[in-house]
Amino acid sequence: MLRTFMRALVLSLASTSALSAAPKQVTWDDLIAPGAPYSEIVGDGVIDFENDRWKPEFDENANQMNPALDGTDIRIPGYILPVEIDAEGVHGFILVPYAGACVHTPPPPPNQVVYVTTETPWRADSMWDVVWVEGAMAIKQQSTELAEIGYELTATQIEFFDE
């Protein structure tokens, strides 16, 4: 009887810890600091003629990140914009909320852009597919020639979006 009780207790604790280890599923709105509105383009921006890019000027809300996500394991859908790629696949990419962001349209504000690194290269034929990305999120602002970035995520899993 005691052995059965102990086995049930161990299984219960194991399943509880497995559930608590699941990443928090977030939306792009969750990346904006609580109480901050979505930022707006407020100026003409700067045209980079050499790289054929337009860098918009955002209001102050663009750099307001959500501190609750810093250090949290998350799961978020988005589109991949490859940055570090080799014969094995994509090792580093910018994750954005809509197709064509940063390339065919102006970049979203920094609090809507995530730089993702992965040890396991993502091998996909099309970069127009939506993917789920899981991993540890960190607030880390950085500047690239494609976009101003507000977050960094170390991916543990990448898969096609299937909902």
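## Observations concerning the overall build of the protein
Check the secondary structure of the protein and you find 1 helix and 8 strands. Overall, the protein shows an N-to-C arrangement of helices and strands of α-β-β-β-β-β-β-β-β. In the protein, which comprises 163 residues, the proportion classed as buried is 38%. At a minimum sequence separation of 6, the contacts of the protein that also span at least 24 residues come to 64%. As displayed, the protein offers around 9700 Å² of accessible surface, 55% of which is attributable to carbon and sulfur atoms.

## Digging into the environment of Ile94
Tracing the chain through its elements places Ile94 in strand β5 (residues 89–96). With a relative accessible area of 1%, Ile94 lands in the buried category. Placed 55 residues apart in sequence, Ile94 and Ile149 show a C-alpha to C-alpha distance of 8.4 Å. Among residues more than four places away in sequence, those in contact with Ile94 are Tyr79, Ile80, Leu81, Val83, Val113, Val114, Tyr115, Thr144, Leu146 and Ile149.

## Some thoughts on the layout of surface pockets
The volume enclosed by the largest pocket comes to roughly 160 Å³. Lys55, Pro56, Phe58, Pro110 and Glu148 are, among the 13 residues lining the largest pocket, the residues nearest its centre. It is strand β3 (residues 53–58) that contributes the most residues to the lining of the largest pocket, 4 residues altogether. Class assignment of the residues belonging to the lining of the largest pocket gives a composition of 8 nonpolar, 1 polar and 4 charged.

## Focus on the nonpolar core
One finds Leu31, Leu95, Val114 and Val133 to be the most contacted residues of the largest nonpolar core, which totals 22 residues. At the level of elements, β4 (73–86), β5, β6 (114–122), β7 (130–143) and β8 (148–160) are the ones that each hand at least two residues to this core. The greatest single-element share of this core, amounting to 4 residues, is contributed by β8. Setting aside chain neighbours within four positions, we find Leu95 in contact with Trp28, Ile76, Pro77, Gly78, Tyr79, Ile80, Gln112, Val113, Val114, Val116, Val131 and Val133. One finds Leu81, Ile94, Tyr115 and Ala147 within the second-largest nonpolar core, a separate group that totals 11 residues.

## Some words on the packing of aromatic side chains
This structure, assessed with the given rule, holds 2 aromatic pairs. Across from the ring centre of Trp132, 4.1 Å away, lies the NZ or CZ of Arg75, which sits over that ring.

## Focus: the side chain of His91
Take His91: it is sitting in strand β5. Polar side-chain contacts of His91 include one of 3.0 Å to the side chain of Asp86. Once residues lying within four places of it in the same chain are set aside, the contact partners of His91 are Glu84, Asp86, Val116, Thr117, Thr118, Glu119 and Pro121.

## A word on the environment of Gly135
By the element assignment, Gly135 lies in strand β7. Here Gly135 falls in the buried class, since its relative accessible area comes to 4%. Distance in space between the C-alpha atoms of Gly135 and Asp73 is 5.1 Å, their sequence separation being 62 residues. The residues contacting Gly135, other than those within four sequence positions of it, are Thr72, Asp73, Ile74, Leu153, Thr154, Ala155 and Thr156.

## Regarding the side chain of Gln112
Of note, Gln112 is situated in the loop between β5 and β6. In this structure Gln112 comes out as buried when scored by relative accessible area, which is 3%. Among the polar contacts listed, one links the side chain of Gln112 to the backbone oxygen of Trp28, at a separation of 2.9 Å. If near-sequence neighbours (up to four positions away) are discounted, Gln112 is found in contact with Trp28, Leu31, Ile32, Tyr38, Leu95, Val96 and Pro97.

Rules and cut-offs
- Residues numbered from 1 in each chain as written.
- Predicted model: local features only at pLDDT ≥ 70, side-chain atom pairs only at ≥ 80, totals over all residues.
- Heavy atoms only, no water.
- Helix = DSSP H or I, 4+ residues; strand = E, 2+ residues; numbered from the N terminus.
- Buried < 20%, exposed > 50% of the residue type's maximum accessible area, 1.4 Å probe, protein only.
- Contact = heavy atoms within 4.5 Å.
- Areas by Shrake-Rupley, 256 points an atom, 1.4 Å probe, with all protein chains shown as cover.
- 1 Å grid on protein atoms, 1.4 Å probe; cavity = no way out; pocket = protein on both sides within 12 Å on 5 of 7 lines; lining within 4 Å.
- Points joined across faces, edges and corners; volume = space filled by probe spheres on them.
- Nonpolar A, V, L, I, M, F, W, Y, C, P; charged D, E, K, R; others polar.
- Core = buried A, V, L, I, M, F, W, Y, C linked by side-chain atoms within 4.5 Å.
- Phe/Tyr/Trp six-rings, centres within 6.5 Å; stacked < 30°, edge-to-face > 60°.
- Lys NZ or Arg CZ within 6 Å of the ring centre and 35° of its normal.
- Polar contact = N/O pair within 3.5 Å; in protein donor to acceptor, adjacent residues only side chain to side chain.

As far as function goes, none of this settles anything; it's purely spatial.
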